[in-house]
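# Observations on the three-dimensional arrangement
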Number of protein chains: 4
Amino acid sequence: MTKVLIVYYSRTGNTKKMAEEVSEGAGRAGAEVELKEVKDDFSEEILEDMLNSDGIIIGSPTYYGLPSAQIKALLDRSVKHHGKLDGKVGGAFASAGNVGGGNETTILAIIEAFLIHGMVIKGTSAGDHYGPVSIGKPDSRVIKQCRALGKRVAELSEKLR
Amino acid sequence: MTKVLIVYYSRTGNTKKMAEEVSEGAGRAGAEVELKEVKDDFSEEILEDMLNSDGIIIGSPTYYGLPSAQIKALLDRSVKHHGKLDGKVGGAFASAGNVGGGNETTILAIIEAFLIHGMVIKGTSAGDHYGPVSIGKPDSRVIKQCRALGKRVAELSEKLR
Amino acid sequence: MTKVLIVYYSRTGNTKKMAEEVSEGAGRAGAEVELKEVKDDFSEEILEDMLNSDGIIIGSPTYYGLPSAQIKALLDRSVKHHGKLDGKVGGAFASAGNVGGGNETTILAIIEAFLIHGMVIKGTSAGDHYGPVSIGKPDSRVIKQCRALGKRVAELSEKLR
Amino acid sequence: MTKVLIVYYSRTGNTKKMAEEVSEGAGRAGAEVELKEVKDDFSEEILEDMLNSDGIIIGSPTYYGLPSAQIKALLDRSVKHHGKLDGKVGGAFASAGNVGGGNETTILAIIEAFLIHGMVIKGTSAGDHYGPVSIGKPDSRVIKQCRALGKRVAELSEKLR
């Protein structure tokens, strides 16, 4: 069965809600989904989950136009698997305080890290092209985009594994 | 008197409206403002205006996450002044069809070009940090952001000339 | 047979040389390769080629941290196929005058446009992660990276079509 | 006297060497320079230094196309001064393992954070446009670029304070 890992950091609950909807979308598409929250001190387990998944989706609030330091710490430590994530599918999403506040650059930062791992990214021609963006609390538009991301990553992971 | 040049490309009128508001903001801050539209075939005059201004602000619709080819053609041709725009102040704004649709990357693309010219960019800690973004028709929030950009560039240009 | 289209703009011949090596890599991997040069005035044919290919790779010199206006014009006009390129594989490469001169942002600009088309991008964990970069004339390192890009896109296109 | 703060994270010593050269450049331009290393656990003092400086320059190795998590943690915690760094001058530099390895995106990530603080960034029309990049150990070219960055930030900080 295709495994999709969804990792997020959330303080206000907005990114967490997005993660749950991404998870819903991936699950409905038939994937086995693992949903993990990153805290200030995260366990080695998440790094192992990355290695054992076909698709990896990371979500973060927008902190100065980039993912939170906790997400960055996870990416930095993922170097222990460098080369081994090659060919896996990646996806990213972000919440933000306002339009033009750095949400796209946050998503692209995660995508760049995934490309450096040799991973595979798929955009979408409809909606939030790089990945779902929520301005404040996720509304129905955002929920739709999140589910679409989960579905997209699950289906591509299925094809590529 | 401090001169601020505002250059834009617009098809639906949204970016044009933003440009007018940026112009309003720069004018109120005391700058002499030149507002120029880029068409498919633009005159050499705009390039000369760039050279003769203290601040240059460029606006574009979001076409595939980047400024329109017409704006890019202007940037490419600005190479004739390479080195001579060093120290001038730059600013950028973008209209887009939807949130997460590439508006930030459009603005950053223009900012990157300005940095390569050795120009000076100022963000803002309030609102649209990299530059104003309009999702569809500019509303009162966007108008405020546009005027703030005009003011910001005019004031910094005044200080630096 | 898997079709890979390679489109480039070149003035000094550096990007052209890179395109030929990308083409070599894709061909060796078993793809049917089409190599097309974009000029100031390009034919409608290239847009049709995009529609009829499984993989599309675009290369450009670095002009102000972005692809040339000619490449941008092609991307803008590709809007006529918006939605129809969804799921195709993309890749990008760039030549530049110097390190830190905007080569990565040029490649990422093309990748962003592809993501907005809903296309699929694969990075590499070895070498030029986002896509091959040549500082000046392509040397043996660059040639290797270009061939690897061609191979990577051909193989992924084969899997996904 | 104009104060320039240079903050860096370094593991191999390459970024540290760059920081020293940036410091040299800022000092020669007449600024009072503070050079601070960020470790896994950094003191509150650096955040106060940010507040008390006219110019802030941050350097990092390239970890997955972005600054290290330690630098990101500093940026995240700088939110306590949000709004108060507005108008200060910023600059960034990065070391990397190879060309096309994410060095530009690392520098731009820092620049984006600075723009969100409302800070002022100046590129250069000569050399490493966004900020100095070292591929491996800093050579004479890199040293020259680093000194130029220090000088540029010191001079602009002087003008703007």
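Residues numbered from 1 in each chain as written. Chains lettered and ligands numbered in written order. Predicted model: local features only at pLDDT ≥ 70, side-chain atom pairs only at ≥ 80, totals over all residues. Heavy atoms only, no water.

## Thoughts on the overall build of chain A
Each helix and strand in chain A was counted, giving five helices and six strands. Computed over C-alpha atoms, the radius of gyration of chain A comes to 14 Å, within 12% of the 15 Å expected from 2.2 N^0.38 for 161 residues, which places it in the range of a compact globule. Judged by the C-alpha coordinates and their principal axes, chain A covers about 35 × 30 × 20 Å. When burial is assessed residue by residue, chain A has 66% of its 161 residues classed as buried. For chain A, the share of sequence-separated contacts (at least 6 apart) that also reach a separation of at least 24 residues comes to 79%. (Helix = DSSP H or I, 4+ residues; strand = E, 2+ residues; numbered from the N terminus. Rg over C-alpha atoms; globule rule 2.2 N^0.38 Å. Buried < 20%, exposed > 50% of the residue type's maximum accessible area, 1.4 Å probe, protein only. Contact = heavy atoms within 4.5 Å.)

## Regarding the pairing of strand β1 (residues 3-8) of chain A
All names here are of chain A. Most of β1 is tucked away, with five of its six residues classed as buried. Pairing of β1 with strand β2 (residues 32-37), which is carried by six bridges, proceeds in the parallel orientation. If you follow Val4 over to β2, its bridge partner there is Val33. In this fold, β1 hands off to helix α1 (residues 14-28), which returns the chain to β2; that crossover is right-handed. (Pairing = 2+ DSSP bridges. Right-handed = clockwise from strand over helix to strand, strands pointing away.)

## Re the relation of the copies chain B and chain D
Mapping between the two chain copies consists of a rotation about an axis together with a translation along that axis. Superposing chain B onto chain D takes a rotation of 180 degrees combined with a translation of 0.0 Å along the rotation axis, leaving an RMSD of 0.0 Å. Expressed as a symmetry operation, the mapping of one chain copy onto the other fits a two-fold axis. The C-alpha atom lying nearest the rotation axis in chain B is that of Ile121 of chain B; the distance is 2.6 Å. Comparing interface residues between copies, 100% of those in chain B also lie at the interface in chain D; the contact surface is shared. (Least-squares fit on C-alpha atoms with pLDDT ≥ 70 in both.)

## Let's talk about the relation of the copies chain A and chain B
Placing chain A over chain B gives an RMSD of 0.0 Å and needs a rotation angle of 180 degrees, together with 0.0 Å of translation along the axis. A symmetric contact is evident, with 100% of the interface residues of chain A recurring at the interface of chain B.

## Quick word on helix α1 (residues 14-28) of chain B
All names here are of chain B. For α1, with 15 residues, the first-to-last C-alpha span of 21 Å sits near the 21 Å given by 1.5 Å per residue. Those residues of α1 not exposed but buried are Asn14, Thr15, Met18, Ala19, Glu21, Val22, Ser23, Gly25 and Ala26. Those residues of α1 that are buried are in contact with β1 (3-8), β2 (32-37), β3 (55-61), β4 (89-96), β6 (133-135) and α5 (140-160). Looking at the residues trailing α1, positive phi occurs at Gly30, about 100 degrees. (Expected span 1.5 Å × (residues − 1).)

## Some points on the side chain of Ser134 of chain D
Residue and element names in this part refer to chain D. Turning to its location among the elements, Ser134 is positioned in strand β6 (residues 133-135). Given a relative accessible area of 0%, Ser134 falls into the buried group. Beyond its immediate chain neighbours, meaning those up to four positions away, Ser134 contacts Met18, Ala94, Ser95, Ala96 and Val142.

## A short note on the pattern of salt bridges
Scanning the entire structure with this criterion turns up 52 salt bridges over all chains. Note that Lys39 of chain B and Glu37 of chain B form a salt bridge whose closest N and O atoms lie 3.6 Å from each other. Judged by relative accessible area, which is 28%, Glu37 of chain B ranks as partly exposed. Three or more residues are tied together by salt bridges with common partners; here these are Glu44, Glu48, Arg77 and Lys80 of chain A. (Salt bridge = Lys/Arg side-chain N within 4 Å of Asp/Glu carboxyl O.)

## As for the interface of chain B and chain D
Counting residues at the interface gives 23 residues for chain B and 23 residues for chain D. Of the roughly 1,900 Å² buried between chain B and chain D on both sides combined, carbon and sulfur atoms contribute 63%. Counting every contact that joins chain B to chain D gives 13 residue pairs in polar contact (both at pLDDT 80 or more). Of all the secondary-structure elements, those providing two or more residues to the side of chain B that touches chain D are α4 (103-116), β5 (120-122) and α5 of chain B. (Buried area = accessible area lost by both parts, 1.4 Å probe. Polar contact = N/O pair within 3.5 Å; in protein donor to acceptor, adjacent residues only side chain to side chain.)

## Let's talk about the environment of Glu112 of chain C
Tracing the sequence through the fold places Glu112 of chain C in helix α4 (residues 103-116). Those residues in contact with Glu112 of chain C that lie beyond four places of it in its chain are Leu108 and Tyr130 of chain A together with Gly65, Leu66 and Thr105 of chain B.

## Focus: the interface of chain A and chain B
Contacts between the two partners involve 17 residues from chain A, matched on the other side by 17 residues from chain B. Both sides together, the interface formed by chain A and chain B hides about 1,200 Å², and carbon and sulfur atoms give 50% of it. When the buried area of chain A at its contact with chain B is split by residue, Val99, Gly100 and Glu104 of chain A rank highest and sum to 42% of it. Our enumeration of links across chain A and chain B arrives at zero salt bridges. Those elements that place two or more of their residues in the side of chain A that touches chain B are α4 (103-116) and β6 (133-135) of chain A. The greatest single-element share of the side of chain A that touches chain B, amounting to four residues, is contributed by α4 of chain A. When grouped by side-chain class, the residues that make up the side of chain A that touches chain B number five nonpolar, nine polar and three charged. (Nonpolar A, V, L, I, M, F, W, Y, C, P; charged D, E, K, R; others polar.)

## Quick word on the environment of Val4 of chain B
Residue and element names in this part refer to chain B. Tracing the backbone shows Val4 in strand β1. Sequence separation of Val4 and Gly150 is 146 residues, and the distance between their C-alpha atoms is 8.5 Å. Among all residues touching Val4, those that are not within four sequence positions of it are Ala26, Ala31, Glu32, Val33, Glu34, Gly55, Ile57, Val153, Ala154 and Ser157.

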